[in-house]
Amino acid sequence: MKSRTDEPPRFAHWLLTKLHPDDTLEEVEGDLDELYTYWSARSGKTQATLRYLLNVVSVLPPFVRKREQEHKPYSNLTTAMLRNYLKIAYRTLQKHRLYSLLNIGGLAIGMACCLLIALYILDELSYDRFNPNYSRIYRVVEKQKQADGIYDVAVTPGPLAASLKKDFPEVELTTRIGRWSGLLTHGRQAIEPDKMLIVDPSFFALFDFPLLLGDVTTAFQGPDEVIFSEGMAERFYGKDWPYKHILGQLIQLNTQQTLKLVGVARNPPSRSHIQFDVLLPFKWLEKNDEWSMKWNSNSYHTYLQLRPELTNTSAGLEPFAHKIRNSLQRYINGDKTQLMLQPLSAIYLHSKFSFETDWGKRSDIVYVRIFIAVGLIVLLIAIINFINLATARASGRAKEVGVRKTIGAQQLNLIGQFLGEALLTTGLAVGLAVFLANFLVPLFNDISGKVLQLPYHLGLFWILLVGMTGVVSLLTGLYPAFILSSFRPVTALKGIVNAGKGRSFRQILVIGQFVLSVSMGIATVVIYKQLSFVQTAKLGFDKEHLIYLRLKGDLRAKAWTFKQQVEQLPGVAKASLTTSNLVGITNSAFVEWEGQAPKDEFLMTNMNIDQDFVSTVGMKVLAGRNFSAQIPSDTSGTLGAYLINETAAKRMGWTLRTALGKRIKHWGQDGLVIGVLKDFHFRPLHVAIEPFIFRYQPSNPYFNLLVKTEPGAIGQTLSRLAAVYKKNEPVSPFSYGFVNQDLDAQYKAEQRAGRIIFYFAMLAILIACLGLFGLAAFTAEQRTKEIGVRKILGASIVSLVALLSQDFLKLVLIAILVASPIAWWCMNQWLNEFAYKVTIDWWLFALAGSLAIGIALLTVSFQSIKAALMNPVKSLRSE
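This section reports on the structure supplied with the text. Computed from a predicted model, the values in this text were never measured in an experiment.

### A look at the overall build of the protein chain
Turning to step 1, where the next piece is worked out: In terms of helices and strands, the protein chain carries 29 helices and 24 strands.
Turning to step 2, where the next piece is worked out: At 38 Å, the protein chain has a C-alpha radius of gyration far larger than the 29 Å of a compact globule built from 879 residues.
Turning to step 3, where the next piece is worked out: Dimensions along the principal axes, computed over C-alpha positions, put the protein chain at roughly 120 × 65 × 60 Å.
Turning to step 4, where the next piece is worked out: By the burial criterion, 49% of the 879 residues in the protein chain qualify as buried.
Turning to step 5, where the next piece is worked out: Expressed as a percentage of contacts within the protein chain between residues at least 6 apart in sequence, the contacts between residues at least 24 apart total 78%.
Turning to step 6, where the next piece is worked out: Just so you have it, the protein chain exposes about 42100 Å², and 59% of that area is on carbon and sulfur atoms.
Turning to step 7, where the next piece is worked out: Distance between charge centroids for the protein chain: 7 Å, based on 93 positive and 70 negative side chains.

### Regarding the sheet that holds strand E14 (residues 546-550)
Turning to step 1, where the next piece is worked out: Strands sit in the order E15-E23-E14-E24 across an open sheet of four strands; the sheet is antiparallel. Looking at the sheet topology across the chains shown, the edges are occupied by strand E15 (572-578) and strand E24 (736-738). The average angle at which neighbouring strand axes cross in this sheet is 25°, direction not considered.
Turning to step 2, where the next piece is worked out: Bridging between E14 and strand E23 (residues 704-709) involves five bridges; their strand directions are antiparallel. Paired with Arg 550 across the strands is Asn 704, a residue of E23.
Turning to step 3, where the next piece is worked out: Strands in contact with helix H20 (residues 559-567) are E14, E15 and E23; relative to E15, the strand with the most contacts, it is inclined by about 165°.
Turning to step 4, where the next piece is worked out: The strands touched by helix H23 (residues 714-728) are E14, E15, E23 and E24; relative to E14, the strand with the most contacts, the crossing angle is about 20°.

### A look at the nonpolar core
Turning to step 1, where the next piece is worked out: Judged by nonpolar contacts, the single largest core of 100 residues is most densely connected at Leu 107, Met 111, Phe 371, Phe 514 and Phe 760.
Turning to step 2, where the next piece is worked out: Those elements that provide at least two residues to this core are helix H5 (97-125), helix H14 (365-392), helix H16 (411-448), helix H17 (459-485), helix H19 (503-536), helix H25 (748-782), helix H27 (797-831) and helix H28 (842-868).
Turning to step 3, where the next piece is worked out: Counting residues per element, this core draws most heavily on H5, which supplies 16 residues.
Turning to step 4, where the next piece is worked out: Counting residues domain by domain, this core receives three or more from each of domain 2 (76-127 + 364-371 + 389-497) and domain 4 (502-536 + 747-879).
Turning to step 5, where the next piece is worked out: Setting aside anything within four residues of it in sequence, one finds Phe 760 in contact with Cys 113, Ile 117, Val 374, Val 378, Phe 444 and Met 520.
Turning to step 6, where the next piece is worked out: Judged by nonpolar contacts, the second largest core, of 45 residues, contains Phe 541, Leu 546, Val 617 and Leu 743.

### Things to note about the pairing of strand E16 (residues 588-593)
Turning to step 1, where the next piece is worked out: Judged from the three bridges that link them, E16 and strand E17 (residues 603-608) form a sheet pairing that is antiparallel. Paired with Ser 588 across the bridge in E17 is Thr 605.
Turning to step 2, where the next piece is worked out: As paired strands, E16 and strand E20 (residues 663-666) are joined by three bridges and run antiparallel to one another. Bridge pairing in E20 places Val 591 opposite His 666.

### Description of the pattern of salt bridges
Turning to step 1, where the next piece is worked out: Evaluation of the coordinates by the stated rule reveals 27 salt bridges.
Turning to step 2, where the next piece is worked out: Linking Lys 287 and Asp 224 is a salt bridge whose minimum nitrogen-to-oxygen distance equals 3.0 Å. Of this pair, Lys 287 sits in helix H9 (residues 282-288) while Asp 224 sits in the loop between strand E7 (211-213) and strand E8 (225-229), and the two are 63 residues apart along the sequence.
Turning to step 3, where the next piece is worked out: We classify Lys 287 as exposed; its relative accessible area is 52%.

### Section: the packing of aromatic side chains
Turning to step 1, where the next piece is worked out: Counting across every chain of the model gives 39 aromatic pairs.
Turning to step 2, where the next piece is worked out: One aromatic cluster is present, formed by Phe 130, Phe 203, Phe 204, Phe 207, Phe 209, Phe 220, Phe 276 and Tyr 303 through successive ring pairs.
Turning to step 3, where the next piece is worked out: A cation over a ring is seen here: Arg 176 above Phe 282, with NZ or CZ 3.9 Å from the ring centre.
Turning to step 4, where the next piece is worked out: When the ring centre of Tyr 120 is taken as reference, the NZ or CZ atom of Lys 450 above it lies at 5.3 Å.

Rules used throughout
- Residues numbered from 1 in each chain as written.
- Predicted model: local features only at pLDDT ≥ 70, side-chain atom pairs only at ≥ 80, totals over all residues.
- Heavy atoms only, no water.
- Helix = DSSP H or I, 4+ residues; strand = E, 2+ residues; numbered from the N terminus.
- Rg over C-alpha atoms; globule rule 2.2 N^0.38 Å.
- Buried < 20%, exposed > 50% of the residue type's maximum accessible area, 1.4 Å probe, protein only.
- Contact = heavy atoms within 4.5 Å.
- Areas by Shrake-Rupley, 256 points an atom, 1.4 Å probe, with all protein chains shown as cover.
- Lys, Arg positive; Asp, Glu negative; His and termini not counted.
- Charge placed at Lys NZ, Arg CZ, Asp CG, Glu CD.
- Pairing = 2+ DSSP bridges.
- Axes fitted to C-alpha atoms, helices over the stretch in contact; angles between N-to-C directions.
- Core = buried A, V, L, I, M, F, W, Y, C linked by side-chain atoms within 4.5 Å.
- Domains from an automatic or database assignment.
- Salt bridge = Lys/Arg side-chain N within 4 Å of Asp/Glu carboxyl O.
- Phe/Tyr/Trp six-rings, centres within 6.5 Å; stacked < 30°, edge-to-face > 60°.
- Lys NZ or Arg CZ within 6 Å of the ring centre and 35° of its normal.

What follows is the structure, encoded as structure tokens:
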């Protein structure tokens, strides 16, 4: 290796490289370098510098011209050349099997992750697009202006759909959808559908839910009709229902009303936000419930289909959206509620509405964006691996590049060759990625809660796969190809190649890898901490060992008798009759209160309970008293009694003490506040605690019985509860649930996202460590002779391991410092989705950083220990 004193003067060398013709530059430069070394040794540095400068001037224009080429270099690819390139690429892969395995394995894992996440994202983005006119279909939603703010509400009044169709010529079709529940019986079959909807006849014209049996043009023309889905028809009539004459058969609803089966609809596609088992006509509701057609009946989803000319451009849609915005004032004097249009394709991912007014199958665009970022991060880490390992081993192919350039290969030829090698490696990785993705799809389905599969039958899938192969090949191969093809033949053939060329760039890439990996690790820890918090947070009541029984059929009339029988059962600690199970309460209304300011109004969630509710669920009375069956005024129909929570008292301007005895008017009935309960969470922790009011009206129907069981007695108690249930209501199936499980299910999206991010974070760290392993092996190989010398001079194995590991650990430490603020900002944005959340403590970063350092140390130490244990005689002889 040349010393710095043997180098020619920099200015003269710079002048030569800038002004001498390119076609002979390398040849002249090499000759002058050799002459400078000879002159310096013979005559001294001053004489050598002077002679070098004179010779440089003599080979600059106009003393020398560009050499006329007898023929242009032949650079077109031939079949033989391509075959030769492939053969060299194959031999290179075989010669360096470890690096080939790391490259192909890392890329395959990264692309398999990308494929799986792409399947998930495409599934999420494809909801409701099976409807032919989905781009013209909108849901009408409300922006309700209340005294304490503006609320997005998904439900609208019953008469709105017909009025929009009548008053706005831009509207082509409208339909309403409402929820219902009940017991359906046919002979000895009794089934309570999970998803029973009430719809207009135009439902089938607006949405693509075809009837397999029946006629959509005549269906739901009468009130006493019903339509089943395929699944419900199979539950009632068996798998051979298509071969039976089932149309026209009579179905009992709640054993009180008779409906005629007029059709069987195809099961709703899994990618539909509307899911149903049974459909009832709105005419049936209008016949049985006059309130449904009043303008204050804010309980239904309203959909409309616009004429084609309106949706062709956004300019056509905007005037109509502005036109209907304040149209409620036409029908309700003084109503400031605004109507907004929500595209059908946006409902599944972009629905965040207040007061539990949205229902059906929903997801969140936030997690789609998170998964896109995760997929790109994992793929980017795999690409960085390839670039790192390819550039690190560039010096090993310097002589090959020198020989090829000497015999006439142009830089473009070499770039093509190395890109071809990258294409071969990427092609092998893509094949392995498809195999891995296909193998992992069942596991991914379990984690994500979806039913996904690779679409081999679609030509677009293969086109995208080929496109991904090409793009990844360019990303992985372009930089190494330019590095390798830029070697000058004179220096390359002499072996004068800087082995550390591009070292700084590789270090930046390693830091980038671990920044991404550590960020994902921190995100995983924060998500786990938040999910643990929401599942263990004190809710203001005791959710453990709390069962709810749905009162069906005759049980509602026998509610008090049934409660007394349940209280006598072994294993039952307490029981209470309620209208809700404390999860997903949707019943709310405006109230009037003593001292209310003009135009000051807000919605208050409410429940009808009995005197044992507070003790059954473990709530705390902060002021006043609980309901009592011994005090007649508590259940009076003229001047009754109410319990409110702390938030309600504060909202009405009262303290705990001043609230007692205050008058409230709820649903037209006056009552006095007799107690204030400690705040409790009845909605997910995404939202702040809302005002709540309890009433005690035994004459009104109850829909649930809350049962507190003794610890460890749930199994046996459930069997006893089922027996008492069937004794009092033999027709309806025993229907129950656990309050704690239903509360945990509210965080299903977060739990799913947490699991997916955790597994992909582990894969990202694995891929980064594969690259680190390869770079450590390369570094150990380059420093083999140095290690041998150090061992002979007495260096210990520990000191050698530390020497080889410290450079990589420094990079990981830098990555942790860079990743920490990035992860902190990103996770703060995610935590802002929760009204109640954890703090991001310093130990979260310390934990994630320690894990990253530990994993990196284990990865690097394997190669470091292997190199340190090598016999120094072999080490010195290896070069």
